[in-house]
Amino acid sequence: MTIYHIFARALFISLPLILIFNLFTFWDGVVIYAFFHDCDPLKDENVKLNSADQLMPLVILKLFHNIPGLTGLCISGVFSASLSTISSAVNSLTAVTMEDFIRPYCFCKKLSESWMAFVAKLLARTPTGYRLGALISLCQAGEQFIVRS
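These numbers were taken from a predicted model, which means no experiment stands behind them.

1. Quick notes on the overall build of the chain
- Check the secondary structure of the chain and you find five helices and zero strands.
- Its helices and strands taken in sequence order, the chain reads α-α-α-α-α from the N to the C terminus.
- Within the chain, the fraction of its 149 residues that count as buried is 17%.
- Of all intrachain contacts in the chain linking residues separated by at least 6 positions in sequence, the fraction that spans at least 24 positions is 41%.
- Just so you have it, the chain exposes about 11600 Å², and 69% of that area is on carbon and sulfur atoms.

Okay, here's the thing in structure tokens:
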């Protein structure tokens, strides 16, 4: 089996999942539109929404207000899904940065995997503007540490 066949198989497996996700997203929009078909909550002074992003939590609150705990469960599910997406994006950006920018320019080839894992964790937790300069200097400091010991 060639690499092309593996990629094509992965694409065909992921397509139904992407279509189901898009269908659910479309259905959420239809429910929100149907719920507010006769009024605009963004223009209502009593609702006090700042942006259209707040429509989904508002619909959840209005639909499930009489079932104890379900509103919190639904809203926490939405927030955990968004945090999971952000977490995986930060993780993949950290891995790409480590492999494409840090390892080629790190002059110390003797660094252990545990040191590189520490640098990757540090990269994932620091703000974007400070990352590359600090990490290249960390690699050079690690090289000095290994050469001296």
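2. Re the packing of aromatic side chains
- Per the counting criterion, the structure on display carries one aromatic pair.
- Geometrically, the ring pair formed by phenylalanine 35 and phenylalanine 36 is edge-to-face, given 5.1 Å between the ring centres and 90 degrees between the ring planes.
- For phenylalanine 35, a relative accessible area of 30% puts it in the partly exposed group.
- Classification of phenylalanine 36 by relative accessible area gives buried; the value is 11%.

3. Let's talk about the packing of helix 3 (residues 70–105) against helix 4 (residues 113–125)
- One can describe the packing of helix 3 onto helix 4 by two numbers: an axis separation of 9 Å at closest approach and a directional angle of 125 degrees. Between helix 3 and helix 4, the interaxial angle falls into the category oblique. The interaxial crossing formed by helix 3 with helix 4 has right-handed handedness. For the pair formed by helix 3 and helix 4, the contact residues are Val90, Thr94, Thr97, Met98, Ile102 and Arg103 on the first element and Glu113, Met116, Val119, Ala120, Leu123 and Ala124 on the second.
- Considered class by class, the residues forming the contact of helix 3 with helix 4 number eight nonpolar, two polar and two charged.

4. Things to note about the confidence of the model for the chain
- When pLDDT is averaged along the chain, the result is 78, and 81% of the positions lie at 70 or above.
- Scored below 50 in pLDDT, residues 144–149 shows two contacts in the model against residues more than four places distant or in partner chains.

5. Comments concerning helix 1 (residues 3–35)
- For helix 1, with 33 residues, the first-to-last C-alpha span of 48 Å sits near the 48 Å given by 1.5 Å per residue.
- Along its length, helix 1 reaches its greatest deviation from straightness, about 25 degrees, at serine 14, and the proline proline 16 lies no more than four positions downstream.

6. Digging into the side chain of threonine 71
- Relative to the elements of secondary structure, threonine 71 occurs in helix 3.
- In contact with threonine 71, other than residues within four places in its own chain, are Ile60, Leu61, Phe64 and His65.

What counts, and where the lines are drawn
Residues numbered from 1 in each chain as written. Predicted model: local features only at pLDDT ≥ 70, side-chain atom pairs only at ≥ 80, totals over all residues. Heavy atoms only, no water. Helix = DSSP H or I, 4+ residues; strand = E, 2+ residues; numbered from the N terminus. Buried < 20%, exposed > 50% of the residue type's maximum accessible area, 1.4 Å probe, protein only. Contact = heavy atoms within 4.5 Å. Areas by Shrake-Rupley, 256 points an atom, 1.4 Å probe, with all protein chains shown as cover. Phe/Tyr/Trp six-rings, centres within 6.5 Å; stacked < 30°, edge-to-face > 60°. Axes fitted to C-alpha atoms, helices over the stretch in contact; angles between N-to-C directions. Parallel < 35°, antiparallel > 145°, perpendicular 65-115°, else oblique. Left-handed = near helix turned anticlockwise from the far one by under 90°. Nonpolar A, V, L, I, M, F, W, Y, C, P; charged D, E, K, R; others polar. pLDDT = per-residue confidence, 0-100. Expected span 1.5 Å × (residues − 1). Bend = angle between axes of the 7 residues up to and from the residue.

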